[in-house]
Amino acid sequence: MNPNEAALQEFRETIPIFEVLADERRQQIMIELTQHAKGLTVGELTKIMQISQPAVSHQLKTLKDHHFVSVERQGTRNYYRVTFDGPLTKVEHLIHTLREDLKLKPYLH
């Protein structure tokens, strides 16, 4: 695979990550979760964000499906925590690929 194809493939793999991060409510949820090490329940997020429980649950599902959050059951409650290492690693890999490609083109510096 040539460098251009590799970079295009990296972009294709990271597009869903950027789409998830583009939503303001998901951004707010992630910010809130980073401020609570033990995690937060749907009910707690509903109160903090002042939006409906179904709206919070929908956004958390999207974040969970894309590996931005994890859920841990404690008794009868589910606690959501930020766990974005997987998506972050993909974005970092894209940046690395682009930087390596740039090194091959010194006239762009």
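Residues numbered from 1 in each chain as written. Predicted model: local features only at pLDDT ≥ 70, side-chain atom pairs only at ≥ 80, totals over all residues. Heavy atoms only, no water.

Quick look at the pairing of strand β1 (residues 69-74) now. Across six bridges, β1 lies against strand β2 (residues 77-82) in antiparallel orientation. The partner of Q74 across the bridge, within β2, is R77. With antiparallel pairing between neighbouring strands as the criterion, β1 and β2 make up a hairpin whose turn holds two residues, including G75 at a positive phi of roughly 65°. (Pairing = 2+ DSSP bridges. Helix = DSSP H or I, 4+ residues; strand = E, 2+ residues; numbered from the N terminus.)

Let us look at the packing of helix α2 (residues 24-34) against helix α3 (residues 42-49). In the contact formed by α2 and α3, the axes pass within 11 Å of each other and the chain directions differ by 115°. Between α2 and α3, the crossing angle belongs to the class labelled roughly perpendicular. Taken as a pair, α2 and α3 cross one another with a handedness that is right-handed. Contacts between α2 and α3 pair R25, Q28, I29, E32 and L33 from the former with L45, I48 and M49 from the latter. (Axes fitted to C-alpha atoms, helices over the stretch in contact; angles between N-to-C directions. Parallel < 35°, antiparallel > 145°, perpendicular 65-115°, else oblique. Left-handed = near helix turned anticlockwise from the far one by under 90°. Contact = heavy atoms within 4.5 Å.)

Spatial relationships are all this shows, so hold off on functional conclusions.
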